[in-house]
Amino acid sequence: MRTTEYYKPEELPEPEVLTMRQMLDEMEEVHVLAPLVRCSKLPFRHLVSMYETHVTHTPMMLAPEFSRAQTARISDFASSHSERGVFWMKPRKTGGRQEEYDELGRSNADSGLEANTFASSSASSSRTTTVDRFPAVKSSRRSPSSLNPPSPDHRLVRGNLIAQFASNNGKSLADACEIISVLPETTTDEDEDNAKTGGFVGEEQAPVDEPVRSERLVDGVDLNCGCPQPWAYSEGIGSALLRKPDLVADMVKQVHARMGDDFAISVKIRVDDKPELTERLVQTAIHANVTHLTIHGRTRHQPSTAPVSLPGIRFAVECAKGEVPCVGNGDIWEYGDVDDMRRVTGVKGVMAARGLLANPALFAGYSSTPKHAVENFVELATSYGLAYNLFQRHVSYMLESTMSKHDRLYLNSLGSYSGITDWLEDRGLQFSGRC
Ligand SMILES: Cc1cc2nc3c(=O)[nH]c(=O)nc-3n(C[C@H](O)[C@H](O)[C@H](O)COP(=O)(O)O)c2cc1C
């Protein structure tokens with residue numbers, strides 16, 4: 001007998017607020033948007049959170065600049081309470097009811113859902129869920145993509161937003177953590193306006209019938225130990241930290257000393273040519289009390305075209321000895337890659353970067369960008385505000401696989417939001433709130 005409940009939106013239980021560590025420890029699948037300079041800004045983070053991406057990261061921000069200058073904060077960081085999604089998540093240990101559901105944990109009633117992709121040949125996979133058009137940024141309370149929990153064991157959980165910083169010293173990193181973790185106090189109209197202009201948003205206006213929220217803007221901080229760019233290396237940040245485990249440990253400890261032992265601080269590393277150096281870095285970071293580790297399976301010297309090393313990630317996971325959970329990163333292009341990453345490496349969470357740029361609905365099981373994801377992105381970008389060149393770049397990434405050479409040239413020649421939305425309408429997309 002099915003016992004799945006069907007909720008009306010107003011009847012949904014309050015989502016649980018878990019840390020990323022708790023999600024990794026308790027939930028079977030945790031999907032993560034990678035930090036992406038210029039790309040993982042507020043509208044895109046909000047978009048992917050509509051498609052089963054449970055944790056999102058800001059782009060890398062430079063901790064010294066962020067903590068020193070309000071101008072850096074305004075240009076680098078904008079957030080809104082509603083950007084974090086709400087999800088039905090499957091706990092690791094479920095009861096004995098799984099046989100009533102298919103192998104993906106979905107009830108029969110959930111199958112055959114919306115396809116709505118650009119190319120019928122790239123019809124969505126069986127994991128696809130219906131995604132309602134989200135009333136962009138108007139409400140501080142999000143609903144899950146389906147009101148129907150896939151099984152009675154699923155728990156309703158609010159997503160996480162993690163801020164990523166680059167630093168070469170503990171003081172700057174602790175300063176940045178302190179500033180970004182400031183609790184919002186009250187809500188004002190001005191804050192809602194800030195959300196639309198992409199400013200540094202300390203609070204978001206709550207609808208009058210909802211209690212004032214007092215959540216932190218971010219749920220944790222990640223230290224970048226992987227940026228391979230020469231300028232970063234010469235500044236002693238990013239991948240320069242891969243071979244400075246004691247400095248990484250010192251930075252993590254300084255953050256805890258300032259923010260408390262419970263503060264969620266993780267590190268994102270790359271694998272090293274020399275396994276013993278990976279082992280030392282992992283163990284040193286764990287002893288400094290990192291919450292979790294993200295492992296990108298390419299070395300500092302490998303280009304992004306090189307295939308990711310799953311054995312390299314597995315080695316790093318083994319070095320962690322189960323003391324902290326790990327997230328695997330690299331070459332997640334379709335849902336099957338998520339399963340491979342988990343199965344081969346033993347990671348508890350899976351992070352995608354370019355795969356989500358190409359298909360923001362990847363984690364919801366779509367095999368290519370569905371039309372409604374582009375429609376939602378246009379509405380979010382226009383509501384929150386996003387620089388035109390970034391807007392154009394995202395649209396181009398999302399449509400890349402379905403565009404002809406002529407389409408590509410035409411899209412690149414356009415110079416305004418309205419030029420792009422007109423072009424998208426000609427391709428069959430619909431927008432409720434035009435810019
Ligand atoms: C446009 C772009 C920007 C990136 N910015 C960051 C960043 O800010 N911080 C970071 O740790 N990694 C950054 N990365 C690396 C990604 O987070 C990720 O580790 C890498 O792309 C491998 O994942 P993938 O194979 O899924 O693309 C960036 C990658 C790209 C393509």
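Keep in mind that what you see is a predicted model, and the values were worked out from it rather than measured.

## Points about the site of the ligand
Reasoning step 1: Surveying the vicinity of the ligand reveals 22 residues, the closest of which are Ala34, Pro35, Met60, Ala353 and Arg354.
Reasoning step 2: For the shell around the ligand, the elements supplying multiple residues, two or more each, are strand E3 (55-62) and helix H12 (354-358).
Reasoning step 3: Partitioned by chemical class, the residues of the shell around the ligand number 11 nonpolar, eight polar and three charged.

## Quick look at the packing of helix H9 (residues 275-287) against helix H10 (residues 310-320)
Reasoning step 1: With their axes 9 Å apart at the nearest point, H9 and H10 run at an angle of 40° to one another. Considering their axes alone, H9 and H10 lie oblique with respect to each other. The handedness of the crossing between H9 and H10 comes out as right-handed. Residues Pro275, Thr278, Glu279, Val282, Gln283 and Ile286 of H9 pack against Phe315, Ala316, Cys319 and Ala320 of H10.

## What about the sheet that holds strand E1 (residues 16-17)?
Reasoning step 1: Spatially, E1-E5-E4 is the arrangement adopted by the three strands of the open sheet, whose pairing is mixed. Strands with a single pairing partner mark the edges of an open sheet, and in this sheet they are E1 and strand E4 (86-89).
Reasoning step 2: Here E1 pairs with strand E5 (residues 155-158) via two bridges, running parallel. Counted as the bridge partner of Val17 is Arg158 from E5.

## Structural notes on helix H5 (residues 170-180)
Each α-helix winds once per 3.6 residues, and so residues spaced three or four apart point in a common direction.
Reasoning step 1: For H5, a buried count of eight out of 11 residues is recorded, marking the element as mostly surrounded by other parts of the structure.
Reasoning step 2: Next to the buried residues of H5 lie helix H3 (63-68), strand E6 (160-166), strand E7 (220-225) and helix H8 (245-259).

## Regarding the confidence of the model for the protein chain
Reasoning step 1: Confidence in the prediction of the protein chain, expressed as mean pLDDT, is 84, and 79% of residues score 70 or more.
Reasoning step 2: Confidence drops under pLDDT 50 across residues 95-139; counting only partners more than four residues distant or on other chains, this segment forms 85 contacts.
Reasoning step 3: Note that residues 185-213 has pLDDT below 50 and, in this model, 57 contacts with residues that lie over four places away or in other chains.

## Considerations on H10
Reasoning step 1: Among the residues making up H10, those that are buried are Gly312, Ile313, Arg314, Ala316, Val317, Cys319 and Ala320.
Reasoning step 2: Residues of H10 that are buried in the fold lie against H9, strand E9 (293-296), strand E10 (326-329) and helix H11 (335-345).
Reasoning step 3: Looking one or two residues past H10, Lys321 carries a phi angle of roughly 50°, positive in sign.

## Examining the pairing of E10
Reasoning step 1: Of the two faces of E10, both are covered, the one formed by Cys326 and Gly328 as well as the one formed by Val327 and Asn329.
Reasoning step 2: As judged from the four bridges shared by E9 and E10, these two strands associate in the parallel manner. Following the sheet pairing, Ile295 is matched in E10 by Gly328.
Reasoning step 3: In this view, the connection linking E9 to its parallel neighbour E10 by way of H10 has right-handed handedness.
Reasoning step 4: Relative to strand E11 (residues 349-352), E10 runs parallel, the two sharing three bridges. Following the sheet pairing, Gly328 is matched in E11 by Val350.
Reasoning step 5: Handedness of the crossover is the feature at issue here: the chain leaves E10, passes through H11, returns alongside E11, and the resulting connection is right-handed.

Scoring rules and cut-offs
Residues numbered from 1 in each chain as written. Predicted model: local features only at pLDDT ≥ 70, side-chain atom pairs only at ≥ 80, totals over all residues. Near = placed C-beta within 6 Å. Helix = DSSP H or I, 4+ residues; strand = E, 2+ residues; numbered from the N terminus. Nonpolar A, V, L, I, M, F, W, Y, C, P; charged D, E, K, R; others polar. Axes fitted to C-alpha atoms, helices over the stretch in contact; angles between N-to-C directions. Parallel < 35°, antiparallel > 145°, perpendicular 65-115°, else oblique. Left-handed = near helix turned anticlockwise from the far one by under 90°. Contact = placed C-beta atoms within 7 Å. Pairing = 2+ DSSP bridges. Buried ≥ 20, exposed ≤ 12 C-beta atoms within 10 Å, placed from the backbone. pLDDT = per-residue confidence, 0-100. Right-handed = clockwise from strand over helix to strand, strands pointing away.

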